[in-house]
Each structure stands twice: as structure tokens, then as C-alpha cells.
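Summary of the model geometry
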Amino acid sequence: MAEAADFPGMSPSPARRWLRRTGALLAGAPLLAGLLQLSAFPAHADTPAAAKEAADTGSVAVAVDSLSPAVPTDGDTVTVSGTVTNNGKQAVTDAHVGLRVGSALTTRSAIDDAAKGTRALTGAYGSEVGGKYVAEFSELTPGVAEHFSISVPVDELDLGREGVYPLGVSLSGETSAQQWEQVLGIQRTFLPWQPDGADKATKTTVLWPLISTVHMTAETGSNAQQTPVFRNEDLAEEIAPGGRLDQLLSLGKDLDVTWVIDPDLLASVDAMTGSYRVRTDGDTTRAGTHQAVAKQWLAELQQAVAEKEVVALPFADPDLASLAHNGTGVAGSLSQLKAATDVAATTVETVLHVTPSTDFAWPVDGAVDPSIVKVATSAGADRVIARSDSLAETGGLTYTPSAARPIGGGTTAVVADARLSKTFQGDLTKASASTLAVQEFLAQSLTLNLQTNKQRSIVVAPQRTPTASQAQAMAAAVTALQGSGWSQAEDLTAAAAAKPDGGATTKVPSRSAYPSSLRKQELPKSAFEQIAATQDKLDNFKVILADKSRVVTPFGRAMNREMSASWRGRSTAAGTFREGVLSYLDTLTDQVKLIDKSETKLSGRSATIPVTVQNNLVQGVDHLILRLSSTNDTRLEIGGHVYAEQRIEVSGGHSTTVKFTTSANVNGQTTVVAQLYTEDGQEYGDPVVFDVKVTEITATVMLVIGGGVLLLVLAGFRMYTQRKRAAAREAEETEEAGAEETDEADGGPGEHQGSEDRTEEESAARSGADDPEQPSDGSPDTAAESTAPSGTGERVDR
């Protein structure tokens, strides 16, 4: 194990240090004898035993707010500043703050114990440096904080050989109840000491994460730019001056680190540089106003990473452990990870103009098991960033091995050092907590270097989303580390490619070894099922769109965000986000729909039924099939069958109506169903169901119509026979007239002719009286040469 790597080193002190401490011990012998004598009496509040108990609990709080330089060298002056606060009920008099240096700590576990501060107030610490290197207070009033600052040449600290020395900053004084000098409070920290450079410096890789939570929704505007909509203004606050991400950028640009970036963060900030909207309470949004801040942050980031290594995580930093444990059984979940990986490099290149490395996977807290490794590498990553408290050492190495470990299948586990990586967790808003974290980090790093003369590659992978105060502490530690003599910076890619230590553990822990505290925070299986349902609906929707990218891209990235590791511990917020994505997709798909129809009445054996399709999207739709089906084809047929289909194409913001031919067989009411389908046969949207009431042509109606036709035929036949008889009579009369003319030529002119004319007129009058006017006879035509207006109902030749 890594602890076995600690060696029992020695820390000899110079003769001057030995003499001074010996003299102090002799000078204190009478006082010690007196204390031992008093201890024979029953202990009570005024006895030294009671004083010792009070000292162990520490009635005065000592806070070390700064220690400079963090890594002193020969000739330096160490300055320790901070505050002391009397938490007791009595004033402390004749008080002073002094420094105490203990023996060098030779193991990493010893540093752990010292950091926990479980020992007595002066345990493991030597005598006070004393002299003029103290800060004095005549009185410490209860509840009042007093500032102190002590500067002491490093030579006065009597440090021995290289190593990590515990440094105690103690407050000594008297109270009215215990009127003798005693240690009433102490703050422990560490003083790394390496006056000469290391024989072989440790290659140290520090990951500098730029990762945030989910900020963008799936919703976009209907304009050509597709104005994005943000969940809130949290991202603007993070990148604003003094914000968390602003601090990470400002601090990291001066460090030799490997940037680990979530492409979703870049895409979100890039979206803020233009027009965007922010969701408010309810369903309303307002215009975003932080374009200038977004542009400035991106510009500074582009400069910061120009010559640095950039590792791009899959888009939105998917939770690999949740996917491995709860998502692999849901169809399409691994495809979502592949899509998030594919878009990562493009996003980083587009926004930052650098080519990132995309072959690293980083499970939450570096916790791995075989299923996590399998999922992490399924999308193309062949290097998994683990942590040494997960992939722990089980061999007999006497030192902490290099980070790179081959774990089979061509996969390399890059095992970050747990102690160094976890140093900056917790609340570091107080300067004292931050200072202790920095010194502890440096102490662990130096002790690790002193374990062996073998040069190693060590990786530091801090928490994913450090706070501003944590980032400041990290930056202070890395700055000091890179200025030390025992460490040199190295890129993550180089660390992963370093030669592994032969005895290092390469066995990935079992699934049962995965921490239960992390498992409780995972996305449930139902989350992946909901993502799959959203993907199915999106697949069904996109096939009808003229411009698929307007929908596929924002919803694809939204589903990546649904798998983000940032949802850990925020199950309610995660569920709300998933519901919002699906609800908005439903809203869009509902924009293409059938218009409801009321009951339709058909009279006659055949008729047409109109059906209207409405498209309220801004883009056109195509590849849709409209099917109209009869639930009773013996009563009503559509297109000669049970159903008929027509292809549909509708422009954006328009509707179209199509007509279906129907045939009625019998009277009655029939239910008809109109349903849209995609070309691959998938139902699209809700059906429209309506009733058709058929009024078929009855036998009585047919009889009446038939009788009318018969009458028309008979009338026509009568007219024909009458006209034939009239023609015959006219021929007969013509012959008789010819004979009479012959007779008249013999008997005299004039009269007979007039009598004959009257006879013809009378005959014509009688013929007209005998032929009644028929209803079918048309109005007399207007003479072609007439220029007078036509009468009502007249046919006009044009």
C-alpha cells in the first residue's frame, strides 16, 4: 500500500539546537518538580491538573491566516500571521503567541494524524522559539479577536535535514483561575523544508477543471438564430468578475496545469455572447444582458489555453457510474454517451481554437469498477482517470507508484493521488483553513518525493467544481509546488504514457466495492428510461422536418445534459429538467396536427370528406402520410377500401386540406378515423375520430325519379307522332290546293285564293291549339340581328 511507501527517516538537529533545548529542560526542572508535587493533591479547578485539562481543550482559538513563504529555503524569513480569540469566560493576561517546531514527520500517515490535530496541545512539538520572536498581549478580552504577526529567520527555527516539520503556533498566558503561564491554544500546520534541490524531482500533473452545472434548456426561439433560453442567470454570476469560474480562469492562466473542460460550459458561454433569453417564474422569459461578460471570459480563456494541454470531457460531463450501474440496460443509453463524446472535440475547437484530447474518461471522484471502465471506454476513451482510494495499492511497494497502470484491454488507468487530490475539499472560506490546506498539500508532496530516489509521475485530480475559495487555495499550493525544488510540472498525456511501476496494482476493484455514499447519488434507471422515451419521440419527429438540425441539435445536447454528473445529489432538479425537455418536445410535435371534425353528413351513394392538416412550425413538414379509415366498410368505403392514404406536405405556418372519396352502401352512422403517419409507418400525433351519417338514395325516391323520366319519354313520343300527322295533313292539303289552282285557272282569279289562305291560317291555328306547350320547351331565341336587350330567361348567343 501507499502507506508502506513511507520510510522511517531520521532528522538530526545541529548542536546549537540540542544545547538550547537541553538548557530549557534544565531550567524548567524545578517547575516540573513543583507540578509533580502538586499533582499528589486532589485535583480541583485551581490545580495544575485542572489547568492541564483546560490547556488540552484549548480555551483560546488560534488561527494561522498566512504562512510565507510556504516553502522556505536558506536565508528566508518565515512570517506567520493570524488571530487569537479568547473563547473562555475569563480574561487572559500576560499572553503571547510563539512558534514551536517539532521533529520531522517521516510518513504520509503521520502528516494525516498531525492535520487532524488529535494530540494534546503541545504534543509532538518542541519548546517555543521564544525570545524576540513572539507577539505579546497584555490582556485578551473574552470574545475579542486580536491580530498577530511573527517573523523569524529560518535559521532560528533550527531545522535539520530536508523533510516536513510540524509547526505549532501557540498562545500562552494566565487567567485569574490559573495564575501561571500555560498553553491555552494552538494551531498546527506544516513547514516543508528542502534547502537543497531534490536528486530527482517528482513529475506532477495538476488537473484544472472548468466544469459547471447545466444552464441551458432545450428551448430555442423561432427566429433564424434560434435564440437560446437559459434556466437562470447562475452562469452569468459564475463568469462575472469575482465569480467561481472567473476565479478559476484568472488563477489557472498563470499555472502550468492541464485544463479539463466540459464542452457544454463553452457552448453555454458562447451562446451568451449573442442574443439569449432567461426563464423567469412560470412560462415567461426575459432578455439576457451579460453578453459583454461572456465575450470577455471566452477571450481570456482562449489566451490562457493557447499553449496548454486541454482535455475535453464528453459533452455535459455524463455520469459514467450512473450509466454503468443503471443505464446500460436501457436501449440507446450508450448511444447518448457516444454522441456526447463525438461532439466534444468540435465544440472545443470551435470556441477555443485548440485541438483537445478526448481519450480521457473521468468518473466521479475517480471511483471505478469493471462496469464503469467498460462504459468509459465504450465511446472511444482508452484512459480512465481513477483515484488511489478506489484503485488502492495491495502490493508490497515501499513508495507511492506512478499514476499510469495498465488494466487490460488496452486501457490505462491514470490513478490520481487521493491525499493530494482531496486536500482542498471542504469549507476554505476562512484564511486559516486555506493556509492549512496549502501547507498540508505541500507536506504530502514533499514526503512523497522523499520516499525513494525513483522518479515518478503523480497526478492531482481535485474536485470537479471547486469553489472560489478552494480555487484560490489550489492556486497558492500549485504556485508554491512549482517553485519548490522537488516537483516539476507534467501534462496529463505524458503522465498517462509514463512507464508503469512493475509492482503497482492493476486490478480494478469489484462492483461491490463501489462506495455506497456515491451510489446513493446516482441517476436512477427511470432517468435513462425517460431519456430513451425522449429520443424515440425526437426520432419520430425529425423525419417529417424540412430542416432537421433546428430540432435535432438542441434536443440532442439537452439529452446529454440530462445525463450530467452535476445532477448528483439533486434528484428533484434533475427530474424537473428531464420533464421540461420532454414537455417542450411535445409542444413542438403538437404544432403539426389534424384539425378536429364534427359529425359529417353524406347524402347519395358517393361523396368526398375533407380533412385538414395544420403546421404551426416555422419550417415546412413533409414525409407525412394521412390515412382515413372506416370502422365499418360494409356501410362506408373510403377510396373503394377500408382506408385510403394521401401524402402530406405543408409549409411552415400554413395548413392544407385533402379530400377523400367515399362510397355508401347502406344508411346509417359510421365512425371514421383520420391518423397521420410517418413514412416508416409510425403513428404521428393523436388521431381525429368523427362520425359520418349516411343518407342513401331510397326505393321511393328512385320510383319517383323513374316515373318522371317515363313521363318525359311519353311526352316526347306524343310530340313526335303529332308532328308526323301534321306533316301528313299538310302534304295532303298541298295536293288539294294544286288541284284547285287548276280549277281556278278555268273559272276566274282572286277570291278562292283568299278563301284558301284563310283555310291555311285556321288549320295552323287549330294545330297550335291541339299541341299544348311543353315544360321542356325553351324560351324563344333572340334574333341574332336584334340589338335590343335580352329578356329575363332568354338564351343569348355570344
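Look up: the structure comes first, before these words.
Keep in mind that what you see is a predicted model, and the values were worked out from it rather than measured. (Residues numbered from 1 in each chain as written. Predicted model: local features only at pLDDT ≥ 70, side-chain atom pairs only at ≥ 80, totals over all residues. Heavy atoms only, no water.)

With that settled, the discussion passes to the overall build of the protein. Summing up its helical and strand segments, the protein has 21 helices and 29 strands in all. Every one of the 798 residues in the protein was classed for burial, and the buried ones make up 46%. Residue pairs at least 24 apart in sequence account for 77% of intrachain contacts in the protein once pairs closer than 6 positions are excluded. Roughly 38,100 Å² of accessible area belongs to the protein as shown, and the carbon and sulfur atoms make up 52% of that amount. (Helix = DSSP H or I, 4+ residues; strand = E, 2+ residues; numbered from the N terminus. Buried < 20%, exposed > 50% of the residue type's maximum accessible area, 1.4 Å probe, protein only. Contact = heavy atoms within 4.5 Å. Areas by Shrake-Rupley, 256 points an atom, 1.4 Å probe, with all protein chains shown as cover.)

Helix length check: helix H18 (residues 549–562), at 14 residues, gives a terminal C-alpha distance of 20 Å against a target of 20 Å (1.5 Å per residue), a fit within 8%. Most of H18 is tucked away: 11 of the 14 residues are buried. For H18, the set of buried residues is Arg550, Val551, Pro554, Phe555, Gly556, Arg557, Ala558, Met559, Asn560, Arg561 and Glu562. For H18, the secondary structure elements touched by its buried residues are strand S9 (216–220), helix H7 (263–272), helix H10 (333–352), helix H17 (525–542) and helix H19 (571–589). (Expected span 1.5 Å × (residues − 1).)

One face of the sheet, then the other: side chains in a regular strand alternate in exactly this way. With 11 of 12 residues buried, strand S6 (residues 163–174) lies mostly within the body of the structure. Where strand S3 (residues 92–101) lies against S6, 7 bridges are found, and the strand directions are antiparallel. Counterpart to Leu99 in the pairing with S6 is Val169. Bridge count between S6 and strand S7 (residues 182–193): 11 bridges; the pairing is antiparallel. Within the sheet, the bridge partner assigned to Gly168 lies in S7 and is Arg188. (Pairing = 2+ DSSP bridges.)

Let's shift gears to the sheet that holds strand S24 (residues 621–630). Taken together, 5 strands build an open sheet; the order of strands is S22-S29-S28-S24-S26 and the sheet is mixed. This sheet does not close on itself; its edge strands, each paired only once, are strand S22 (600–603) and strand S26 (643–650). The sheet shows a mean angle of 30 degrees between the axes of neighbouring strands, direction not considered. Relative to strand S28 (residues 668–678), S24 is paired through 7 bridges, and the arrangement is antiparallel. Looking across to S28, one finds that Ser630 is bridged to Val672. (Axes fitted to C-alpha atoms, helices over the stretch in contact; angles between N-to-C directions.)

We now examine the pattern of salt bridges. Evaluation of the coordinates by the stated rule reveals 19 salt bridges. Linking Arg108 and Asp417 is a salt bridge whose minimum nitrogen-to-oxygen distance equals 2.8 Å. Of this pair, Arg108 sits in helix H4 (residues 108–116) while Asp417 is found in the loop between strand S18 (411–416) and helix H12 (418–422), placing the two residues 309 residues apart along the sequence. Comparing Arg108 with Asp417, the two get one shared label, buried. With a closest N to O distance of 2.6 Å, Arg405 and Glu393 form a salt bridge. Linking Arg405 in strand S17 (residues 404–408) with Glu393 in the loop between strand S16 (383–387) and S17, this pair joins segments that are 12 residues apart in sequence. (Salt bridge = Lys/Arg side-chain N within 4 Å of Asp/Glu carboxyl O.)

A few words now on the environment of Gln336. In this fold, Gln336 is placed in helix H10. Residue classification places Gln336 among the buried residues on the basis of a relative accessible area of 7%. With 196 residues separating them in the primary sequence, Gln336 and Ala532 have C-alpha atoms 9.2 Å apart. Residues within four places of Gln336 in sequence aside, it is in contact with Ile531, Gln535, Met559, Asn560 and Met563. A polar side-chain atom of Gln336 sits 2.9 Å from a polar atom in the side chain of Gln535. (Polar contact = N/O pair within 3.5 Å; in protein donor to acceptor, adjacent residues only side chain to side chain.)

Any link to function would need more than the numbers given here.
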